Amino acid sequence: MQVDKKSKVEHIKEGSAGLRGSIVQELSNDSDHVSDATTKLLKFHGTYQQDNRDSRKDRRKQGLDKEFIFMVRNRIPGGKITAAQFLGELDIADEFGNGTLRITTRQGIQLHGVVKGNLWNTIHQINEIKLSTQSACGDVERNVVCCPAPLRHNAIRDQLQQYADSIADHLRPRTRAYHEIWLQDPATGEKQQVVGPPTEPEHDPIYGQAYLPRKFKTGIALCEDNCIDVYAQDAGLLAVTRGDALVGFNVLVGGGMGTTPSSDNCFPALAKRMAFVAPEHVLPVLTAIVLVQRDFGNRADRHQARMKYVIHNWGLAKFKAKVEEYLPQAESICGVPAGTVPRPLADPDAADVTHHHDHLGWHEQGDGKYFLGLPIENGRVKDDGEVRLKSALREIFQRFKPSGRLTAQQNILLCDLAAPLRHDVEQVLNEHGVLTIDRISNVRRFSFACPALPTCGLAITESERVMPVLLSELEAELSRLGLSDKQFTVRMTGCPNGCARPYNADIGFVGRSADGKTGEGKYTIFVGGNLIGTRMSAVYKDLVPMSQIVSELRPLLLYYKQAQHDGETLGDFCDRIGIEELLRFDDEQKQPNSSAVA
Ligand code: SRM
Ligand code: SF4
């Protein structure tokens, strides 16, 4: 008997008639939640069924079902958003969500706390403001990230954004399901919801009927500005420039941060440098890469389904040869003559990542206007006590109409501001208690955390909600040691899936378990990555309770203070010294007769 090796999700996708399934029927029934199969399909439409995990226990005690809510994710290539769109998102969050917006680590926006009865309106209204949630989640190309800085000293950054837009457009599923389900017929004004499969077959030459085995992520960066973490992408496009001209891209393949410690052979990985490609050949080459992953990615085990495992199993040379084999098919899909892309593909150019910018603070754009990079703690746009960030942004977008760019560090750039408006913008921020970059510590500036509890169904520990407190402790320790001027990345996640990319940061905290009684989280501490995102970190300590994280880091910070080389970053230091020696020093400092660590 033939054993069906495909995972359950594969069957759901294949049987969904182009991602329709029974979404329409389930949206219109009285239940407060949807079935498992529909939950899976809804991801392709940009929404996750979740439940409020804060209320789980109490509700269980009362014999009640979970408090179901939906997270709705916008796909915003390069994080480019207009003032009207940002204001629209705020309104939608107020009307249908929990009143907050969450800027994501992929330059998107998430709304949380949408109940099922408001889901259609939420997604519909997002489309009304000309944004989309289509394929923000699901086994397809995700939001394409791209350096958001609106620097116009030359044309390169605008060109990169154009690539991000065209890649996003090209790799969007061809099914009409999204439009049928969520959009309104502009001619009749009626809700256009079609029940059942399409009358004419829809052909998707890239995704077929089963889409990809897993999510796929593309990012575009500059060597001197890797703000989007190009090595963490399935496909990274690293711009190669000569003077003011874009001459091509180094194509990096197989990055990915997710891992499942309990599952064998799972690991986070940095992408590998595969080839140099001329700008006009990027689309066919990227398409060929996607097709290889479509046909050879693991469809039996979702833990092994990301493209990094294909590359790990085959080796880079075999993977590259397969991409070359798929180029004719890709060329045909892209509508370019066969043989357009020279093969074999050229070896990567020597150019590589050298710097990282977070684009915070005021910058002249090169066109006489200015942008302000505003830090947003963990990307959460909300009014909280005296810090009324949401109201400040609302006023700024209403009064000054800047365009916005969301960053992959969960911050926002307020762009295209004339010089005289700088003072007014600062005044609004001051009046609302919002801190600009000159008033926050370095460690807070270069940190971010994933949402985790109470919305994320996969969270093991807290992340976003505890990070601010942890950073306050860390700030005090760094100040005590005279290290406050150091710049290093600190990232936290509530589980090993790596949504805040903790595995290539200088310091990463990854949630591993939670105390059954107190709920206190225990974290793995990783050290030795770097700000420019080109090196993986290593486990320093495991299962450290939240309340002990700073004291467990203290000896390491002291060692750094004492033994750093001139200008050496914390991650470089940890990498040079090595985990074994760091732990030996840690041990020594903890001996009763040690004088160094108070
Ligand atoms: Fe993520 C799943 C949040 C960027 C790796 N991620 C999730 C879910 C949807 C949980 C779930 O599946 O039920 C989280 C929703 C939480 C919530 O309540 O909102 C979630 N991921 C996020 C965001 C919002 C984190 C943030 O702090 O901003 C980011 C949304 C980005 C976007 O706009 O598209 C986000 N996720 C990432 C990144 C970083 C990146 O892409 O640069 C990664 C690591 C890179 C990678 O993909 O390898 C990441 N998320 C994952 C994984 C692990 C995938 C894997 O290969 O194993 C999961 C779990 C899964 O897919 O099964 C996951
Ligand atoms: Fe959820 Fe884990 Fe991602 Fe955090 S890292 S948002 S806990 S899946």
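Here the structure is a predicted model, which is why all the values come from computation and not from measurement. (Residues numbered from 1 in each chain as written. Chains lettered and ligands numbered in written order. Predicted model: local features only at pLDDT ≥ 70, side-chain atom pairs only at ≥ 80, totals over all residues. Heavy atoms only, no water.)

Novice: Teacher, can you tell me more about the layout of surface pockets here?
Specialist: Rolled over the atoms, a probe as big as a water molecule pinpoints where empty space is left. Approximately 620 Å³ is the volume attributed to the second largest pocket. The wall of the second largest pocket is formed by 28 residues, among which P375, I376, E377, N378 and V387 lie closest to the centre. Looking at the lining of the second largest pocket residue by residue, the class counts come to eleven nonpolar, seven polar and ten charged. (1 Å grid on protein atoms, 1.4 Å probe; cavity = no way out; pocket = protein on both sides within 12 Å on 5 of 7 lines; lining within 4 Å. Points joined across faces, edges and corners; volume = space filled by probe spheres on them. Nonpolar A, V, L, I, M, F, W, Y, C, P; charged D, E, K, R; others polar.)

Novice: Hey, could you run me through the coordination of the iron atom of ligand 1 in this one?
Specialist: Tetrahedral coordination by four donors places them ideally at 109.5 degrees to one another around the metal; octahedral coordination by six donors ideally gives 90 or 180 degrees. For the iron atom of ligand 1, the protein contributes exactly one donor atom, C499 (SG), at 2.3 Å. In this structure, C499 sits in the loop between β19 (490-493) and β20 (507-514). (Donors = N, O, S within 2.8 Å, 3.2 Å for Na, K, Ca; no water. Helix = DSSP H or I, 4+ residues; strand = E, 2+ residues; numbered from the N terminus.)

Novice: What is the right way to read the side chain of H170 from this model?
Specialist: The residue H170 is located in helix α7 (residues 156-170) in this model. Setting aside its immediate chain neighbours within four residues, H170 contacts I206, L283, T287, I333 and C334. (Contact = heavy atoms within 4.5 Å.)

Novice: Explain the side chain of D229 to me, please; I cannot follow it from the model alone.
Specialist: Checked against the element boundaries, D229 lands in the loop between β7 (218-222) and β8 (235-242). Accessibility expressed as a relative area gives 3% for D229, which makes it buried. (Buried < 20%, exposed > 50% of the residue type's maximum accessible area, 1.4 Å probe, protein only.)

Novice: Looking at this structure, I do not really get the sheet that holds β19. What am I missing?
Specialist: Strands pair in a sheet through their backbones, by hydrogen bonds, and they do so in one of two ways: parallel or antiparallel. Read from one edge of the open sheet, five strands run β18-β19-β20-β21-β22, paired in mixed fashion. Each edge of the open sheet is held by one strand with a lone partner, namely β18 (447-449) and β22 (538-545). With direction set aside, neighbouring strand axes in the sheet form an average angle of 20 degrees. With four bridges connecting them, β19 and β20 associate as parallel partners. Each residue of the ladder has a partner; that of M492, found in β20, is F509. On top of the sheet, helix α18 (residues 579-590) reaches β21 (521-527) and β22; it is set at about 40 degrees to β22, its chief contact. (Pairing = 2+ DSSP bridges. Axes fitted to C-alpha atoms, helices over the stretch in contact; angles between N-to-C directions.)

Novice: Looking at this model, I keep getting lost on the sheet that holds β8. Mind explaining?
Specialist: Within the open sheet, the five strands sit side by side as β6-β7-β8-β9-β10. Their pairing is mixed. Unpaired on one side and paired on the other, β6 (145-146) and β10 (272-277) mark the two borders of the sheet. Where β8 meets strand β9 (residues 245-253), eight bridges bridge the pair, whose relative direction is antiparallel. Its bridge partner lying in β9, A239 is registered against F249.

Novice: So what exactly am I meant to see when it comes to empty space enclosed by the protein here?
Specialist: Under the criterion given, the structure shown has two cavities of 30 Å³ or more. Of the pockets and cavities examined, the largest cavity occupies roughly 60 Å³. Lining the largest cavity, in full, are K80, C147, P148, A149, P150, L151, R152, R157, D158, Q161 and R405. Here the element with the most residues in the lining of the largest cavity is α7; it accounts for three residues. A class-by-class count of the residues in the lining of the largest cavity yields five nonpolar, one polar and five charged.

Novice: Before we go on, may I ask you to explain α7 in this structure?
Specialist: Note that an α-helix has 3.6 residues per turn; residues three or four places apart therefore point the same way. In this model α7 runs 21 Å from its N-terminal to its C-terminal C-alpha over 15 residues, within 8% of the 21 Å that 1.5 Å per residue would give. Among all positions in α7, only I156, R157, L160, Q161, A164, I167, A168 and H170 are buried. (Expected span 1.5 Å × (residues − 1).)

Novice: Just checking my understanding: could you explain the site of ligand 2 for this structure?
Specialist: By nearness alone, every residue bordering ligand 2 is listed as C450, P451, A452, C456, L458, A459, T493, G494, C495, N497, G498 and C499. Residue composition of the shell around ligand 2, grouped by class: eight nonpolar, four polar and no charged. (Near = heavy atom within 4 Å.)

Novice: What is the right way to read the environment of F296 from this model?
Specialist: Counting through the fold element by element, F296 comes out in helix α9 (residues 282-296). It is 26 Å that separates the C-alpha atoms of F296 and R501, two residues lying 205 residues apart in sequence. For F296, the residues in contact, after removing those within four places along its chain, are V310, W314, K322 and Y326.

Novice: I tried to follow the site of ligand 1 on my own but got confused; where do I start?
Specialist: As a matter of local geometry, ligand 1 sits amid 29 residues, with T104, M257, T455, C499 and R501 nearest to it. One nitrogen or oxygen atom from the side chain of K217 is found 2.7 Å from an oxygen atom belonging to ligand 1. Those elements giving two or more residues to the shell around ligand 1 turn out to be β1 (47-51), β2 (68-74) and β5 (109-114). (Polar contact = N/O pair within 3.5 Å; in protein donor to acceptor, adjacent residues only side chain to side chain.)

Novice: Could you clarify how one ought to interpret unusual backbone geometry in this entry?
Specialist: Leaving glycine out, the prevailing phi sign among residues is negative, and the prevailing peptide bond configuration is trans. Backbone torsion omega between R343 and P344 reads 0 degrees, so that peptide bond is classified as cis. With phi around 60 degrees, D229 is a residue other than glycine that occupies positive phi space. Despite not being glycine, L543 has its phi angle at roughly 55 degrees, a positive value. On the secondary structure map, L543 appears in strand β22.

Novice: Is there a simple way to explain the nonpolar core in this structure?
Specialist: Burial of nonpolar side chains together is a common tendency in soluble globular proteins. Of all hydrophobic cores here, the largest spans 101 residues; its most connected members are F86, W182, I289 and F319. Looking at this core element by element, the count peaks at eight residues for α9. When neighbours within four sequence positions are excluded, I289 is seen to be in contact with F216, V251, V253, M274, M307, F319 and V323. Of all hydrophobic cores here, the second largest spans 35 residues; its members include L478, V550, Y559 and L582. (Core = buried A, V, L, I, M, F, W, Y, C linked by side-chain atoms within 4.5 Å.)

Novice: Explain the packing of aromatic side chains to me, please; I cannot follow it from the model alone.
Specialist: For any pair of aromatic rings, the description rests on two quantities: the centre-to-centre distance and the angle between the ring planes. Going through the model one piece at a time under the given rule, you end up with twelve aromatic pairs. Consider the rings of F296 and W314, whose centres lie 5.1 Å apart with planes at 65 degrees: the pair is edge-to-face. Within this pair, whereas F296 is found in helix α9, its partner W314 is found in helix α10 (residues 307-314), the two being separated by 18 residues in sequence. W314 sits in the partly exposed class, given a relative accessible area of 22%. Aromatic side chains F296 and Y326 sit 6.2 Å apart centroid to centroid with 80 degrees between the ring planes, which places their arrangement in the edge-to-face category. Separated by 30 residues along the polypeptide, F296 in helix α9 and Y326 in helix α11 (residues 316-334) bring together distant segments of the chain. An aromatic cluster is built from F296, W314, F319 and Y326, whose rings are joined through pairwise contacts. The ring of W362 has R422 lying over it, and the distance from NZ or CZ to the ring centre is 4.9 Å. (Phe/Tyr/Trp six-rings, centres within 6.5 Å; stacked < 30°, edge-to-face > 60°. Lys NZ or Arg CZ within 6 Å of the ring centre and 35° of its normal.)

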